[in-house]
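Chain by chain, the residues:
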Amino acid sequence: MCLHLGAAAVPVRAQPTPLFVLNSLDASVSVIDPVKWLEVKRFATGKEPHHLYLTPDEKSMIVANALSDTLTFVDPKTAEIQRVVRGIVDPYQLRFSPDMKWFVTAANRLNHIDVYRWDGTDITLVKRVATGKTPSHLWIDSKSTTVYATMQDSDELIALDLASQTLKWRTATGSLPADVYGTADDKFMLVALTGGDAVEVYDVSGKQPLRSRVIKTGAGAHAFRALGDGRHLLVSNRVANSISKIDLQTFAVVDSFPAPGGPDCIEVSRDGKLIYVTSRWARKLTVIDVASRKVVQQVKVGKSPHGVWTLDHAKRQ
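Structure report, in brief. This one's a predicted model, so the numbers in the text were calculated from it and none came from an experiment.

### Thoughts on the pattern of salt bridges
Scanning the model with the defined rule gives 18 salt bridges in all. In this structure, the salt-bridge partner of Arg83 is Asp122, at a minimum N-O distance of 3.3 Å. In this pair, Arg83 sits in strand β7 (residues 81–86) while Asp122 sits in the loop between β10 (112–118) and β11 (123–130), placing the two residues 39 residues apart along the sequence. Arg83 gets classed as partly exposed once you look at its relative accessible area, which sits at 29%. The class of Asp122 is partly exposed, set by a relative accessible area of 39%. Within the structure, one salt-bridge network assembled from shared partners comprises Asp26, Glu39 and Arg42.

Below you can see the structure in the form of structure tokens.
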């Protein structure tokens, strides 16, 4: 045995966590190596996986399979399937409450929102709430009291009281509202208008919402993701093939990035240097360098790539 005294310890570099891309029309998930920029694995899910979310204990990534009425639990580090939960009706979008007690799904096809209790392992349905046409995306406030949801085909934003699972209010929006994002102080909700070219900002601090302004971004404004610096928010413009950077202090667009192929969902690397976006019509994951504003990588994936996610992501606010 050789013992080398005084030698500096060689740090063990952690294995990078993979990127996950949901292939909505292939009923599969592509697993991407973020160093080699290759698809290293593809595993089957239920039909029409659209969105995914991390469990509160960070031990599982949940893939919601809307047409199969299932949730697929996956290890976010190894990409191994852990279990499949059945009987979850039309889970298009999903979200846990910040207090980790509630799990909410939006049934895009069947026009309802389901509110479940979460005990740390399993979910139990508490109430099914009828909504407007085609509930799309969800947001839950920081106090875990209110669920906000967009109604894609009835052009509305609604608010539900989480404790009683009852409607608090609904308000008309612009055309085809998709993703929704709440500011850290819970005062404003931003709604992306896929049928238009803008993001609407609603003041939700009172008993009734007030539309305070409209931010022009680009045609087909669709999905949000925080840049991770506590100030800026990204929105994909699916028709304009761009991503806009919004300053949440001024509610103004301060930068823009090219995003070819119908940009959909966005993820940001932990250091904030890279933007990952699914190019829905091009069947690719696109990687954008923030500093240079250039596309630096594209990786072929499956049909109609929708959600993208990695455990090694930037802060969500």
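### Here we look at the nonpolar core
Formed by 26 residues in total, the largest nonpolar core has its most connected members in Tyr148, Leu190, Val199 and Phe224. The set of elements that each furnish at least two residues to this core consists of β14 (156–161), β16 (177–182), β17 (188–193), β18 (198–203), β20 (221–226) and β21 (232–237). Counting residues per element, this core draws most heavily on β17, at 6 residues. In contact with Tyr148, other than residues within four places in its own chain, are His137, Leu138, Trp139, Asp141, Leu157, Ile158, Ala159, Trp169, Val180, Met189 and Val204. Val104, Leu138, Ile140 and Leu160 belong to the second largest nonpolar core, which has 14 residues in total.

### What to know about the pairing of strand β24 (residues 263–268)
Of all 6 residues making up β24, 6 are buried, and the element is well covered by its neighbours. Linking β24 back to strand β25 (residues 274–279) in an antiparallel pair, the connection comprises 5 residues, with Gly272 at a positive phi of about 75°.

Rules behind the numbers
- Residues numbered from 1 in each chain as written.
- Predicted model: local features only at pLDDT ≥ 70, side-chain atom pairs only at ≥ 80, totals over all residues.
- Heavy atoms only, no water.
- Salt bridge = Lys/Arg side-chain N within 4 Å of Asp/Glu carboxyl O.
- Helix = DSSP H or I, 4+ residues; strand = E, 2+ residues; numbered from the N terminus.
- Buried < 20%, exposed > 50% of the residue type's maximum accessible area, 1.4 Å probe, protein only.
- Core = buried A, V, L, I, M, F, W, Y, C linked by side-chain atoms within 4.5 Å.
- Contact = heavy atoms within 4.5 Å.
- Pairing = 2+ DSSP bridges.

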